[in-house]
Amino acid sequence: MQTPPVKDGPRINDEIRVPRVLLIDQNGEKQGEMPTSAALEAAEEAGLDLVEIVPNANPPVCKILDYGKFKFQEQKKKNEARKRQKVVELKEIKLRPNIDIHDYEVKAKSMHRFFEEGDKVKVTLRFRGREMAHPELGMKLLLKVKADFDEVAKVEYEPRMEGRQMIMILAPR
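Residues numbered from 1 in each chain as written. Predicted model: local features only at pLDDT ≥ 70, side-chain atom pairs only at ≥ 80, totals over all residues. Heavy atoms only, no water.

Turning next to the layout of surface pockets. Put simply, the largest pocket is a space of about 280 Å³. Of the residues in the lining of the largest pocket, the class split is three nonpolar, two polar and five charged. Roughly 190 Å³ of volume is contained in the second largest pocket. Every residue lining the second largest pocket is listed: Pro-97, Ile-99, Asp-100, Ile-101, Tyr-104, Glu-105, Leu-137, Lys-140, Leu-141 and Lys-144. Elements represented by at least two residues in the lining of the second largest pocket include exactly helix 3 (101-116) and helix 4 (135-148). Taken together, the residues that form the lining of the second largest pocket break down as six nonpolar, no polar and four charged. (1 Å grid on protein atoms, 1.4 Å probe; cavity = no way out; pocket = protein on both sides within 12 Å on 5 of 7 lines; lining within 4 Å. Points joined across faces, edges and corners; volume = space filled by probe spheres on them. Nonpolar A, V, L, I, M, F, W, Y, C, P; charged D, E, K, R; others polar. Helix = DSSP H or I, 4+ residues; strand = E, 2+ residues; numbered from the N terminus.)

Encoded structure:
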């Protein structure tokens, strides 16, 4: 036996199967508590739908409105919220343990730009060859990065060795 598909959204008209409802008319005025059948008749007279707005209330709150228009407005609100949403990206900055001062400043400038845009930054410090013998130099450099960006970013992932590279993730404050 197959179960009926679950309807998303509020119940409308004949789908409302409670004995009494609190009715709000098309003008937004509270009509009070009444039997569901009377509320359905009032909606039919107005040529609109009876829509269950607050199903968890006791009794449920129903409103007389144009369901198609209501659904369209809800969809517009969702789309607007999605447009305003900021997706946080993870940008990566790659460093070497013996980086020169000017090279570091260039990388720092781009990191500042990433934080202003609201993105997280993954600082990857790659060790090659004999550099692996001195991981403390890498740790010193990452602690310098951490100190330089203390006022604009917080450390989300502390500096840690992973194979031949040391990683730290910073997030904007």
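Bringing the pairing of strand 2 (residues 30-35) into the picture now. Pairing analysis gives five bridges linking strand 1 (residues 20-24) to strand 2, with the strands arranged antiparallel. Looking at strand 2, one finds that Arg-20 is bridged to Pro-35. The turn joining strand 1 and strand 2, which pair antiparallel and follow one another in sequence, is formed by five residues; a positive phi near 85° is taken by Gly-28. (Pairing = 2+ DSSP bridges.)

Further remarks concern the UniProt feature "domain: Translation initiation factor 3 N-terminal" (unreviewed entry) in the protein. Taking the UniProt record as the reference, the feature "domain: Translation initiation factor 3 N-terminal" (unreviewed entry) is found at residues 12-81. Across residues 12-81, helical content stands at 37% and strand content at 31%; the span's end C-alpha atoms are separated by 25 Å. (UniProt positions renumbered as here; feature names shortened; annotations may be inferred.)

To continue, consider the packing of aromatic side chains. Within this structure, the stated rule accounts for two aromatic pairs. On the basis of an interplanar angle of 35° and a centroid distance of 6.3 Å, the ring pair of Tyr-67 and Phe-70 is categorised as tilted. Of this pair, Tyr-67 and Phe-70 are both found in helix 2 (residues 67-84), three residues apart, which corresponds to roughly one turn of the helix. Stacked on the ring of Tyr-157, the Lys or Arg Arg-160 has its end atom at 4.7 Å from the ring centre. (Phe/Tyr/Trp six-rings, centres within 6.5 Å; stacked < 30°, edge-to-face > 60°. Lys NZ or Arg CZ within 6 Å of the ring centre and 35° of its normal.)

Turning next to the side chain of Glu-131. Structurally, Glu-131 can be placed in the loop between strand 6 (120-126) and helix 4. For Glu-131, a relative accessible area of 17% corresponds to the buried category. Among the polar contacts listed, one links the side chain of Glu-131 to the side chain of Arg-96, at a separation of 2.4 Å. The contacts of Glu-131, once residues within four sequence positions are left out, are Arg-96, Pro-97, Asn-98 and Arg-126. (Buried < 20%, exposed > 50% of the residue type's maximum accessible area, 1.4 Å probe, protein only. Polar contact = N/O pair within 3.5 Å; in protein donor to acceptor, adjacent residues only side chain to side chain. Contact = heavy atoms within 4.5 Å.)

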